[in-house]
Each structure stands twice: as C-alpha cells, then as structure tokens.
Amino acid sequence: AVGDSRSVEPRRSESRPTLELDSRLAHTSAPQHRMLLSFAPFRALATSLLGLGSPSTVQVVGDAYLDIIAKIDELPQWDGDTAIRSPIETVAGGSALNTAVQLSALCRTRRQRDQPRPFRRCVLHSRVGSDLYGELVAAKTREAGVTLSARREGGQGVCICLSGRRDRAFVSFKGSVADLSEADLDVGRLLAPGTSHLHFSAYYDCSGLQPAVPRLMARAKAERGATVSIVPQTDATGAWEGGLLELLPHTDVLLCNQREAASIAGVAIAGRRATWYEISEAVRRLHARGAPLVVVTLGPDGAVAATEQQWWFQPNQERAVKDTTGCGDAFAAGFLFGWCGSRDVQRGLVYGCACGAAAVGITGGSEPLSATSVNACMRRNEGVQRAREVRTPRTAAAGASAEAEGEAFFSEENLSDGRVCAEADEDEDEDEDEDED
C-alpha cells in the first residue's frame, strides 16, 4: 500500500444527502418567486420569517453558448453523410450556464436547511449575443429559472456538440464567449452583499476575461469573505497557460476532469484515460503549485478529491447514457451545492456524482435536473459506494513500480472501511409524488 497504511476514521455526515422539494416552492415557478418577493410587503415578511435579508448567493461567471447537439455512434468521415436516428436539438449551453441552471434547480430544494452555510440563489454573469442565437440563449436561460446578468452585444457563441455514448467532441464559434471581458460584468452585482461564493467556469474558453480574474477573486475574498472555485475546461491552443497556475494559491477549489488535471500539471497521459498513478501525480503537482483542494472527475467511475493531507473517493454506478453533454457541469453544480453549504468534501462528491449521473439521462446540460432523478442516482450509487477518507499517497518512483503503487493506493487494503451513505428517503414514492406536484 502507498504511504501510511493505517486506516483513517471516516467522517460520517450527520445529515442525509437527499434532495427534497420544498413544499413552499413546489407549486410556484422561479420567475413567480422573484415576482412575489419583489413587492416590499412580501420581501419584508420573507426577511422577518425566513431570515433572507441579503440572500447568500453563488455567483457564476463564464460562458453561455447555444448548443446544437447531434447524437452519433461514430465520428463522421470527410466527404460523407452520416445519418443519425435522433433529431438534432438546439439548447442553451456552455459550462457556466449549465452549472448555473443546475445550481438554481438545487437551490429550489430544501436540503440545505441543516447546513451551517446555506445559500439561497445563484446568478449567472456572462455576455450574450445581440443576434437571433443570443435571443434564444437569453430566453432558454430565463425558462430554466436562472437569474441572468449579461451584456447583449455581438455574435452569439455557438457550439456544435457531437455526442457519443462514451465521449463527445465539439466544434465552436467562440463569438460572445471569447469577447467576454470585465467590461461586460456588473461588478457591483457580482460583489453584492450576500455573495458567499464566486465560481469561474470555462477559464480557458473565456480568454478575454482572464486578466480580470485575479482582481475579481481578490475583491470577492476581501470585500465579501467569499470562497472561490475554477473549472478550467480544455485549452484549445494546447498551451495550458493563461495564468491559471498563478491563480491556484488563491483558489479554494479546482474542479477538472482527469485529462485537464494532467495537462495543467504537466503530466503526460500514456493512454486514452489517465491511470491512478498519473492522476495522483497530477494532483500532487497541483498541490505543489498552491491548490488547496483539487477535485478530479473520472467519467463513469466517479470522482476523487484531495487536499495535501487527505483524499476522498466517490464511485458511480454506470447507467444508460442518453447524452454526455453537460455531465461535468452538473457534477460541478452538485459539488458546490454540497460543499459550499457545509465545507464537507465527501458531501460535495456525493451530490456531484449523483448530479453528473443524472445528467446523462437528459439531452444537453441546461435542462434542470429533477430531485427525483438525482435521488435515484444516489440510490444506485449507494449500491457500489465505498466512499472513504484516506491519507495522502506518497510520491511513487517512476516506471512500472510507480504504476503498481498508484493502483495500490486506490485498492481495498489502503482505504478505510467507513461509508458516508448517500441515503434517500425510505419511501421512494414520496419523492416522486412531491416532484410531480
């Protein structure tokens, strides 16, 4: 076994991470909530009875695309015409938009009532085109119940998504996404009272915003005491620079997939997917550059998270895939939902993996997940759950022994036997009835 083989007692979550729709909100849409609370008497009553005041807010900054999704079995060949069985669909998309949609949906549940740092709303800050595509994005974002703060100018960013059963590929016109800059943001609203967390999504895609990110991070921490997270996404240039490494010491959470983690850290991946050793080496290097908490998604296998002192692992039970677009964004929303309110890493992983698994059952990443679907994925994951808190692995030597030690770190012998159960309600029909209401 790698490192100290003594088991570590797991922290058991006192609450049961299950989504339940709040009965007060079950019959009211998100726009109606805002309309009701916009009247002074209702706002005063809500403030006195519910303690809203300046509501704790997660601010999401980043890309908003129009996604055109084609479900395929194999990538098309040049000079060919590939017929597909499913209709091509047009949805609002982009990492930041998808994350904001799922966070807003999660906020309309009552699962944060027992957390010490609950947040009550999510706001998306972006730039949206002034053309027809931009109007479609703005309309679909409003329909999803997301509060949007966006400048309308220029051509809308559009992404053609080729979605397969196990992976996906993109063809993008950056447009409004590449043009997004600090001038497009309402900074007063971004750093308004109540801002508790600032999330930057698609850092590499939003190249025009990169120079402002260090200032915005510093102000959010100094003025609001907010925590900060970043989802880098893929660097299309292949350089993996843009000042991200310099931001890591000032970032509370770095969320990325295994290939992104390895590329940012400068770890070469020998195969199509990273090995356990390659993942642990990438995380070690990111810690050395100052990242306090690194979260790495593993596709259908689940996710890991690590500080310099501890590692966490949350597996997924594989399920039928309808569309993989937006799964990572749903995971990010679930992780932030669980972690921001509690600072419990395992809770964040439980919610993140459940949301990511639920997202493969819908088309696109901007259809709000239902409480029922997330609960169902929690129940499935519980069947394979070996969620354990362990000590940091030591750095293994290079070569074949390094690979063996990397695999051993995640073996049964090196992980403690405790479980943090993703328990759902005992009566499954209760959630379904609530959701239908």
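Please read all numbers here as calculations on a predicted model, not as lab measurements.

1. As for the overall build of the chain
And step 1. The helix and strand inventory of the chain stands at 15 helices and 14 strands.
And step 2. Looking at the chain as a whole, 53% of its 437 residues are labelled buried.
And step 3. Sequence separation of at least 24 residues holds for 74% of the intrachain contacts in the chain that already meet a minimum separation of 6.
And step 4. For the chain, the accessible area works out to roughly 19200 Å², and carbon and sulfur atoms hold 50% of it.

2. Digging into a nonpolar patch on the surface
And step 1. Among the surface-exposed residues, Leu132, Tyr133 and Leu136 lie close enough to one another that they form a single nonpolar patch of about 290 Å² accessible area.
And step 2. Tracing the chain through its elements places Leu136 in helix H4 (residues 132-143).
And step 3. Accessibility expressed as a relative area gives 32% for Leu136, which makes it partly exposed.

3. Observations concerning the pairing of strand E5 (residues 147-152)
Each regular strand carries side chains that alternate between the two faces of the sheet.
And step 1. The pairing of strand E4 (residues 121-128) with E5 spans six bridges and is parallel. Across the sheet, residue His125 finds its bridge partner in E5, namely Ser149.
And step 2. Handedness of the crossover joining E4 and E5 through H4: right-handed.

4. Points about the nonpolar core
And step 1. Leu103, Leu293, Val295, Phe335 and Leu349 are the most contacted members of the largest nonpolar core, which totals 54 residues.
And step 2. Secondary structure elements with two or more residues in this core: strand E1 (57-61), helix H3 (95-107), E4, strand E10 (253-257), strand E12 (302-306), helix H11 (327-340), helix H12 (345-359) and helix H13 (371-382).

5. Section: the sheet that holds strand E7 (residues 168-173)
And step 1. Judged by pairing direction, the sheet is mixed, and its four strands sit side by side in the order E3-E2-E6-E7 without closing on themselves. The open sheet has two edge strands, strand E3 (89-93) and E7, and neither has a second partner. Taking each pair of neighbouring strands and ignoring which way they run, the sheet shows an average axis angle of 25 degrees.
And step 2. Note: strand E2 (residues 65-71) against strand E6 (residues 158-163), six bridges, orientation parallel. Paired with Asp67 across the two strands is Cys159, which belongs to E6.

6. With respect to the packing of aromatic side chains
And step 1. By the definition in use, this model includes seven aromatic pairs.
And step 2. Residues Trp276 and Phe313 carry aromatic rings whose centres are separated by 5.9 Å and whose planes lie at 80 degrees to one another, so their mutual orientation is edge-to-face. Placement of Trp276 in helix H10 (residues 276-288) and of Phe313 in strand E13 (residues 310-315) is noted, with a sequence separation of 37 residues between them.
And step 3. Taking the relative accessible area as the measure of exposure, Phe313 reaches 15% and is therefore buried.

7. Re the side chain of Gln156
And step 1. Mapped onto the elements, Gln156 comes out in the loop between E5 and E6.
And step 2. Within the structure, Gln156 has its side chain in polar contact with the backbone nitrogen of Gly129 (distance 2.8 Å).
And step 3. Beyond its immediate sequence surroundings of up to four residues, Gln156 is in contact with Ala64, Tyr65, Leu66, Val128, Gly129, Asp131, Tyr133, Gly134, Val137, Phe173 and Ser176.

8. Brief notes about H13
An α-helical turn contains 3.6 residues, so a residue and the one three or four places further along point in the same direction.
And step 1. With twelve residues, H13 extends 16 Å from end C-alpha to end C-alpha; this agrees with the ideal 16 Å at 1.5 Å per step.
And step 2. Of all the positions in H13, only Ala371, Thr372, Val374, Asn375, Cys377, Met378, Arg379 and Asn381 are classed as buried.

9. Notes on the environment of Asp329
And step 1. Structurally, the position occupied by Asp329 is in helix H11.
And step 2. Counting along the chain gives 231 residues from Asp329 to Asn98, while the straight-line C-alpha distance between them is 5.9 Å.
And step 3. If near-sequence neighbours (up to four positions away) are discounted, Asp329 is found in contact with Gly94, Ser95, Asn98, Thr99 and Gln233.

10. A short note on unusual backbone geometry
And step 1. In this structure, Asp79 is a non-glycine residue whose phi angle is positive, near 60 degrees.
And step 2. Among the secondary structure elements, Asp79 is positioned in the loop between E2 and E3.
And step 3. Given a relative accessible area of 86%, Asp79 falls into the exposed group.
And step 4. For Gln233, which is not a glycine, the phi torsion comes out positive at approximately 60 degrees.
And step 5. For Gln233, the position within the fold is in the loop between strand E9 (227-231) and helix H8 (244-247).

11. Examining the environment of Gly194
And step 1. In this fold, Gly194 is placed in the loop between helix H6 (187-190) and strand E8 (195-201).
And step 2. Gly194 sits 139 residues away from Pro55 along the chain, and the two C-alpha atoms are 5.4 Å apart.

12. Describing the confidence of the model for the chain
And step 1. The share of residues in the chain with pLDDT of 70 or more is 74%, and the mean pLDDT across the chain is 79.
And step 2. Across residues 20-52, confidence stays below pLDDT 50; counting only partners more than four residues off in sequence or on other chains, it has 43 contacts.
And step 3. Here residues 386-437 is modelled with pLDDT under 50, and outside its nearest four sequence neighbours on either side it reaches 135 contacts, counting other chains as well.

13. Looking at the packing of helix H9 (residues 258-265) against H10
And step 1. Two elements in contact, H9 and H10, have axes separated by 9 Å at closest approach and are oriented at 50 degrees. Taken together, H9 and H10 sit at an angle that is classed as oblique. When the axes of H9 and H10 are compared, the crossing they make is left-handed. On the side of H9, the interface is formed by Gln258, Ala261, Ala262, Ile264 and Ala265, while H10 contributes Ile279, Ala282, Arg285 and Leu286.
And step 2. Partitioning the contact of H9 with H10 into residue classes produces seven nonpolar, one polar and one charged.

About the criteria used
Residues numbered from 1 in each chain as written. Predicted model: local features only at pLDDT ≥ 70, side-chain atom pairs only at ≥ 80, totals over all residues. Heavy atoms only, no water. Helix = DSSP H or I, 4+ residues; strand = E, 2+ residues; numbered from the N terminus. Buried < 20%, exposed > 50% of the residue type's maximum accessible area, 1.4 Å probe, protein only. Contact = heavy atoms within 4.5 Å. Areas by Shrake-Rupley, 256 points an atom, 1.4 Å probe, with all protein chains shown as cover. Patch = residues over 30% accessible without salt bridge, like charges linked within 9 Å, V, L, I, M, F, W, Y side chains within 5 Å. Salt bridge = Lys/Arg side-chain N within 4 Å of Asp/Glu carboxyl O. Pairing = 2+ DSSP bridges. Right-handed = clockwise from strand over helix to strand, strands pointing away. Core = buried A, V, L, I, M, F, W, Y, C linked by side-chain atoms within 4.5 Å. Axes fitted to C-alpha atoms, helices over the stretch in contact; angles between N-to-C directions. Phe/Tyr/Trp six-rings, centres within 6.5 Å; stacked < 30°, edge-to-face > 60°. Polar contact = N/O pair within 3.5 Å; in protein donor to acceptor, adjacent residues only side chain to side chain. Expected span 1.5 Å × (residues − 1). pLDDT = per-residue confidence, 0-100. Parallel < 35°, antiparallel > 145°, perpendicular 65-115°, else oblique. Left-handed = near helix turned anticlockwise from the far one by under 90°. Nonpolar A, V, L, I, M, F, W, Y, C, P; charged D, E, K, R; others polar.

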